[in-house]
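Structural description and commentary
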Amino acid sequence: MESRVLNIKYVTCSFDELEKSDAELVEAAKKATFSSYAPYSNFSVGAAVRLSNNEIVQGSNQENAAFGAGTCAERCAMFYANSKYPDYAICSIAIAARGVSGEFVHSPISPCGVCRQALIEAQTRAKLPIRVLLYGGREVCIFESVSDLLPFQFDEIL
Ligand code: THU
């Protein structure tokens, strides 16, 4: 028997420390929160993906009275990007959220398990790591690959 420890590397910084293209992506994610439809949770999430053609595509959470029918901002942005530009890989994604108060969250939120699985598939499909930027007013967290957010990922059938 052997115990093992996994280390996950990520960077944390302030918004002002971001390089220009990352700051632009985070701004797009923040802006996307204003197109959220979240009458049930009052939690508005925005996501913005940057593609290999340098286009930015935004998405936001879209809820529904039949709760399972709604979707998260991340999948909204990713699937929209893949349907609009099927030939371009997703290089990075930024995520931002505003809570019930309408203010942006101080600590970053991170993607739910279903979105992590969808992100992993996009990454495996393109054979390129997707950078993930999680925005919070106090700090931004940057992961260089979705694998860091989903260790022991399932991608065997791809
Ligand atoms: N939500 C997202 O859009 N992305 C996340 O990463 C976490 C949660 C949405 C789903 C639901 O509409 C609301 O936030 C509250 O969970």
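Residues numbered from 1 in each chain as written. Predicted model: local features only at pLDDT ≥ 70, side-chain atom pairs only at ≥ 80, totals over all residues. Heavy atoms only, no water.

1. A few points about the side chain of Asp22
Formally: What counts as a helix is a DSSP run of H or I of at least four residues, what counts as a strand is a run of E of at least two, and both are numbered from the N terminus. Should any heavy atoms of two residues lie within 4.5 Å, those residues are considered in contact.
Here Asp22 lies in helix H1 (residues 20-32). Here Asp22 is in contact with Arg131 and Leu133, once residues within four sequence places are set aside.

2. Some thoughts on the sheet that holds strand S6 (residues 140-143)
Hydrogen bonds between backbone groups are what pair the strands of a sheet, and the pairing can be parallel or antiparallel. Cut-off, in case you're wondering: Pairing between two strands requires that DSSP report at least two bridges joining them. What counts as an axis is a line fitted to C-alpha atoms, over the stretch in contact for a helix, and the angles between N-to-C directions run from 0 to 180 degrees.
Here six strands make up an open sheet; going across it, the order is S1-S6-S5-S4-S2-S3 and the pairing mixed. Of all the strands in the sheet, the pair left with one neighbour each is strand S1 (11-13) and strand S3 (56-60). Ignoring strand direction, the axes of neighbouring strands in this sheet form an average angle of 15 degrees. In this sheet, strand S4 (residues 90-98) lies alongside strand S2 (residues 44-51) in antiparallel orientation, the contact comprising eight bridges. Note on S4: the bridge partner recorded for Arg50 is Ser92.

3. Focus: the site of the ligand
What counts is decided by this rule: If a single non-hydrogen atom of a residue is within 4 Å of a molecule or strand, that residue counts as near it. The definition of a polar contact used here is a pair of N or O atoms within 3.5 Å, where within protein one atom must be able to donate a hydrogen and the other to accept one, and adjacent residues in sequence count solely through side-chain atom pairs. All accessible areas in this document rest on Shrake-Rupley with a 1.4 Å probe, and a residue is counted as covered only by the protein chains that are shown. In this count, Pro and Cys sit with the nonpolar residues alongside Ala, Val, Leu, Ile, Met, Phe, Trp and Tyr, while Asp, Glu, Lys and Arg are called charged and the others, Gly among them, polar.
In the vicinity of the ligand, the residues found are Ser41, Phe43, Val45, Asn61, Glu63, Cys72, Ala73, Glu74, Ile109, Ser110, Pro111 and Cys112. Within the contact set of the ligand, an oxygen atom lies 2.5 Å away from a side-chain nitrogen or oxygen of Glu63. Interatomic distance of 2.9 Å between a backbone N/O atom of Ala73 and an oxygen atom of the ligand. Protein contacts shield 74% of the accessible area of the ligand, which totals 370 Å² for the unbound molecule. Classifying every residue of the shell around the ligand by side-chain character gives seven nonpolar, three polar and two charged.

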